[in-house]
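# Fold and contact review
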Amino acid sequence: MSEALVEVRNLTMHFDIHAGILRRKVGAVRAVDGLSFDIMQGETLGLVGESGCGKSTTGRAILRLYDPTDGSVKIDGVDIASLNTSDLRKARPQMQMIFQDPQASLNPRMNVSEIIAEPLREHTKMDSAARDARVRELMDAVGLNRAFASRYPHEFSGGQRQRIGIARALALNPKFIVCDEPIAALDVSIQAQVVNLLEDLQRELGLTYLFISHDLSMVRHLATRVAVMYLGKIVELAPRDALYSDPHHPYTQALLSAVPVADPEVEATRKQIILEGDVPSPAKPPEGCNFCTRCPKVMDICRKVSPEFREHAPGRFSACHLMDE
Amino acid sequence: MRDTTAPLLDVAGLKTVFHTRSGDVHAVNSISFALEAGELVGVVGESGSGKSVTMMSLMDLLPRSAEIVGGEVLFEGRDVRGMTRAELLQLRGRDVGFVFQDPMTSLNPVFTVGRQITERLRKHMGMTKAEAKVRAAELLGLVGISDPERRLSDYPHQFSGGMRQRVMIAIALACDPKLLIADEPTTALDVTIQAQIIELVRDLRRKLDMGIIWITHDLGVVAGIADRVIVMYAGQIVEQGPVRDLFARPQHPYTRALLETLPKVTGERSERLHTIEGQPPSLGDEPTSCPFAPRCAHAFARCMTENPFRVDVGGGHDVACWWDPETGEMRDV
């Protein structure tokens, strides 16, 4: 296996809850609760889970768009979580982000070439001719027509806007890109175009992705390994094929069985695991295992002791008492 | 009077146009379909394909900028477009139930859930306050909300997303509707919650005999729940048929491309996704040629000058396309 580019250890992100006239701290939302994992050089790590599980917060905390409550994040050997502001700024070019909503993440008052050139102006000493050349190169790379360089974001469709966001993320030759639900707002036929582009760019530029998504089918298509999150914790992390063909954690099993299959014959016969109830609030997670309130295989120990996230088989990590037996 | 031989819903040649500052948009172009009592029809298409506008046009629930410019809508043989306002309100309030994508925007945040259900029961079913309350609790129980009597006095924000959607379904079912129109009812929900709602609808269908129109962009959802599927593109029905037949032998190049482009959670994994190049047309004019032709790998010269009519391919399955996927030639029509 290749080397780890990103090493996340005990990453914790709690948001304090304040209440009352004095705005006293009354509790904390444990959005991300002690994650440890590696992202290998050149791989795509899929991070899946349902809304509110903390997957986006994880992506943002890794890039230090939030200051983590605890833990460390090493990207290419540098601990991002403890850098001071000026060193952090120097480290920014190598790590970038592609956002879900290209409408909200592109400045409507800037045209395409200004948007793509902005990181170049901020982080390099390029003159305007060099910047223009780089912008054209990036537009070609993501399949945007050069003739549209002076158009504004609203003149583009959702898929094309996402291409602008990708070109901007690539401007500074990053090594590592966090893709936060980059296709969730797009139609199916456009999703495939953007995913193919991301895969081509990865191959050509040797990029490493953290691909955050709730779309389990798409993650199966493009991830090398997959991490499944539930209520602020990773419950399972495994190579793609192993995870999809033989999920170990009961939550992964339920999640995969809930995905509708576009085939009436399969739908008519397949057995689904329908989970009861809702996800508990991350401000008040249950005692013991976070999944114990909905787990179909819950045991007594699960309500008392939180299972440890461990490697049970080579490359297969999970946090479940069933695996500890 | 009620015509017992007529289908529950019969739509012919429906056309809806939006009048915008930058010109007209032809959102719905000559839609025709029928729905039998007890049948669940899945309507699939991408954003802008006109699937929601079509269904809102049926009950005249369009925004002011939209206008129905042609066609006929018959509900149990009665002409909906010719109804008076009072008749229309009665139809929408009692015979037809609606469930929308985002339950938070369709529920009134300042009234309790109980009040929002009982209001309809009292108005349309003539129930007393006490009767309505009993029935409302019964409905919440029916959609799988535990401790229904107590939860009647809760406000919408006190329910989770999945539970709110159950409340919406309870409200839609309040007056025993004959038709339920569900517009992307599970799109805003997580997969495990979506699975719960789908299970609930399957169960309700066994108990209640109503026609359901289920609008979605998710072919997987349709495969699991529908009796029949309508595929829309650019404001037209491009293909429709019984669910198994449509998935087993999709006819229209658009339907085929949609099915190919989807990555799968089980079975074979493709190394590269199929894409449909290009984008849907803007619909500034009513299409006079096949709207999919510019993106179609099989288009003939005729497709660029003439909009294909729907061709029957047997077994209640039809397609608006001249290309025959079995022979690869033009259909003999």
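Rules of the game
- Residues numbered from 1 in each chain as written.
- Chains lettered and ligands numbered in written order.
- Predicted model: local features only at pLDDT ≥ 70, side-chain atom pairs only at ≥ 80, totals over all residues.
- Heavy atoms only, no water.
- UniProt positions renumbered as here; feature names shortened; annotations may be inferred.
- Helix = DSSP H or I, 4+ residues; strand = E, 2+ residues; numbered from the N terminus.
- Rg over C-alpha atoms; globule rule 2.2 N^0.38 Å.
- Buried < 20%, exposed > 50% of the residue type's maximum accessible area, 1.4 Å probe, protein only.
- Contact = heavy atoms within 4.5 Å.
- Areas by Shrake-Rupley, 256 points an atom, 1.4 Å probe, with all protein chains shown as cover.
- Lys, Arg positive; Asp, Glu negative; His and termini not counted.
- Charge placed at Lys NZ, Arg CZ, Asp CG, Glu CD.
- Pairing = 2+ DSSP bridges.
- Salt bridge = Lys/Arg side-chain N within 4 Å of Asp/Glu carboxyl O.

- According to the UniProt record, the Subcellular location (unreviewed entry) comment for chain B is "Cell inner membrane".
- As stated in UniProt under Sequence similarities (unreviewed entry), the record for chain B gives "Belongs to the ABC transporter superfamily."

- With an unreviewed UniProt entry as reference, chain A is termed Oligopeptide transport system ATP-binding protein, source organism Pontivivens marinum.
- Under the heading Subcellular location (unreviewed entry), UniProt records this for chain A: "Cell inner membrane".
- Recorded under Sequence similarities (unreviewed entry), the UniProt text for chain A is reproduced unchanged: "Belongs to the ABC transporter superfamily."

### Notes on the overall build of chain B
- In terms of helices and strands, chain B carries eleven helices and twelve strands.
- Computed over the C-alpha atoms, the radius of gyration of chain B is 21 Å, within 12% of the 20 Å expected from 2.2 N^0.38 for a compact globule of 333 residues.
- Principal-axis analysis of the C-alpha atoms gives chain B an extent of 65 × 50 × 45 Å.
- Every one of the 333 residues in chain B was classed for burial, and the buried ones make up 55%.
- Contacts spanning at least 24 positions in sequence make up 65% of the contacts within chain B whose residues lie at least 6 apart.
- Summed over all atoms, the accessible surface of chain B reaches about 14,600 Å², with 50% contributed by carbon and sulfur.
- Charge centroids of chain B, computed over 37 positive and 44 negative side chains, lie 7 Å from each other.

### Considerations on the pairing of strand β1 (residues 4–19) of chain A
Residue and element names in this part refer to chain A.
- Pairing geometry for β1 and strand β2 (residues 24–40), over 13 bridges, is antiparallel. Residue V6 lies in a different strand from β2, and its bridge partner there is I39.
- As consecutive antiparallel partners, β1 and β2 are separated by four residues, and within that stretch G20 has a phi angle of approximately 85°, a positive value.

### As for unusual backbone geometry
- With a phi angle near 55°, R64 of chain A is a residue other than glycine that sits in the positive phi range.
- Its place among the elements puts R64 of chain A in the loop between α1 (55–62) and β4 (70–75).
- Here R64 of chain A falls in the buried class, since its relative accessible area comes to 15%.
- Not every positive phi belongs to a glycine, and D176 of chain B is a case in point at roughly 50°.
- Relative to the helices and strands, D176 of chain B resides in the loop between α7 (161–173) and β7 (179–183).

### Looking at the pairing of strand β10 (residues 233–239) of chain A
All names here are of chain A.
- The element β10 is largely enclosed, with a buried count of five among its seven residues.
- Remark: two residues form the turn of the hairpin made by strand β9 (residues 225–230) and β10, two consecutive strands paired antiparallel; L231 in that turn has positive phi of roughly 50°.
- Of the strand pairs in this sheet, β10 and strand β12 (residues 316–318) are connected by two bridges, and their pairing is antiparallel. When the sheet's bridge partners are listed, L237 is paired in β12 with F317.

### A short note on the pattern of salt bridges
- Overall, the coordinates contain 38 salt bridges over all chains when judged by the stated rule.
- Between E137 of chain A and R134 of chain A there is a salt bridge; the shortest N-O distance is 2.7 Å. One end of the pair, E137 of chain A, and the other, R134 of chain A, are both in helix α5 (residues 128–141), three residues apart, so they sit about a helical turn from each other.
- With a relative accessible area of 47%, E137 of chain A lands in the partly exposed category.
- With a relative accessible area of 12%, R134 of chain A lands in the buried category.
- Among the charged side chains, a salt-bridge network with shared partners connects E267 and R270 of chain A together with E199 and R202 of chain B.

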